[in-house]
Every structure is written in C-alpha cells, then in structure tokens.
Amino acid sequence: MMAKKSSALAGIFDDEPEAQAQAPVADATPAPQPAVPRRSRRAADTSAPAAPARRSSHPGKKPVLIHIPEDMHRTLRQLSVEEGGEPLTVITERLLRQYLVQRGHTRFAP
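Bear in mind that the values here come from a model prediction, so they are computed numbers and not experimental data.

Draft legend 1. Seen up close, the overall build of the protein chain. Within the protein chain, the regular secondary structure consists of four helices and zero strands. Counting from the amino terminus, the protein chain carries its helices and strands in the arrangement α-α-α-α. The buried share among the 110 residues of the protein chain stands at 3%. The contacts of the protein chain with a sequence gap of at least 6 include a subset with a gap of at least 24, amounting to 20%. Put simply, the protein chain shows about 11000 Å² of open surface, and 58% of that area lies on carbon and sulfur atoms.

Quick look at the structure:
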C-alpha cells in the first residue's frame, strides 16, 4: 500500500512516475488531479478582457505615478499654461533629466 501524499502537488515532483502506474488499484476512485493555480479574487475583479495589447502612445517611456503636494501641482499647472501649454509630463521629464545630469549621469544630457 502506498503512503498518502501530503499535498496534491507532491506527485509532480516524483522521480519514479512508473511506480505509480504499477501500483495495484485498491478501489475505483480516480487519482487526484494536480492542483491548478487559482487567480486571486482581486485579480479576477480587475482583469480586463483578453484583448490584444494596445500600442503605447509614448513608446520607450514607462508610466510612473508621482505624488506631489497639491499646491506644487497647482503651480506646475500654472507654469505649464504660461509656457504655452507644455504638458506636465514634458516639464517633469525635463526636470528629472536636469537632476540626473547634475548628479553626474551625463548620458541623460539633452
């Protein structure tokens, strides 16, 4: 008689799969199937339908969420309007680039 396995996944890592095939069948119950990983409830709630990936409107750029104080955001918006409506993303990228160059990362120089 075979020893009971502690996990449904334990059979996946057996070195001798033919030993299971030669074992006598004690009853007519089917062999346990390997467990299939389940998605979490949160992932199921937020998942989008299976659609092809959209092309990025900014190829080569990674979207980043930056939290800044509300008054700073208001000032940046105002400056954006004064500079001809330049998007905040452009202003932010320019400022980050300047910061990196000041820190010695010359490959980011314009």
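That was the structure; now back to the text.
Draft legend 2. The arrangement of the environment of P63 in detail. Topologically, P63 is positioned in the loop between α2 (41–46) and α3 (70–82). In sequence terms P63 and T89 are 26 residues apart; their C-alpha atoms lie 9.8 Å from each other.

Draft legend 3. Structural view of a nonpolar patch on the surface. Taken together, the side chains of V64, I66, I68, M72 and L96 make up a nonpolar region of the molecular surface, amounting to roughly 470 Å² of accessible area. Mapped onto the secondary structure, I66 falls in the loop between α2 and α3.

Draft legend 4. Geometry of the pattern of salt bridges. Per the counting criterion, the structure on display carries five salt bridges. Its salt-bridge partner being E93, residue R97 comes within 2.9 Å of it at the nearest N-O pair. Remark: E93 and R97 occur in helix α4 (residues 88–102); sequence separation between them is four residues, near one turn of the helix. What makes R97 partly exposed here is its relative accessible area of 28%. Taken together, the shared-partner salt bridges connect K61, E93 and R97 into one network.

Draft legend 5. Local environment of α4. In this model α4 runs 21 Å from its N-terminal to its C-terminal C-alpha over 15 residues, within 8% of the 21 Å that 1.5 Å per residue would give. Residue G104 follows α4 closely and has a positive phi angle near 100°.

Draft legend 6. Spatial organisation of the environment of E86. Considering the arrangement of structural elements, one finds E86 in the loop between α3 and α4. Setting aside residues no more than four positions away along its own chain, E86 makes contact with S80, I91 and R94. Side chain to side chain, E86 and R94 meet in a polar contact 2.6 Å long.

Draft legend 7. The arrangement of α3 in detail. For α3, with 13 residues, the first-to-last C-alpha span of 19 Å sits near the 18 Å given by 1.5 Å per residue. Once α3 finishes, G84 follows within two positions and takes phi at roughly 90°, a positive value.

What counts as what
- Residues numbered from 1 in each chain as written.
- Predicted model: local features only at pLDDT ≥ 70, side-chain atom pairs only at ≥ 80, totals over all residues.
- Heavy atoms only, no water.
- Helix = DSSP H or I, 4+ residues; strand = E, 2+ residues; numbered from the N terminus.
- Buried < 20%, exposed > 50% of the residue type's maximum accessible area, 1.4 Å probe, protein only.
- Contact = heavy atoms within 4.5 Å.
- Areas by Shrake-Rupley, 256 points an atom, 1.4 Å probe, with all protein chains shown as cover.
- Patch = residues over 30% accessible without salt bridge, like charges linked within 9 Å, V, L, I, M, F, W, Y side chains within 5 Å.
- Salt bridge = Lys/Arg side-chain N within 4 Å of Asp/Glu carboxyl O.
- Expected span 1.5 Å × (residues − 1).
- Polar contact = N/O pair within 3.5 Å; in protein donor to acceptor, adjacent residues only side chain to side chain.

Everything listed here is a matter of geometry and, on its own, says nothing about what the molecule does.
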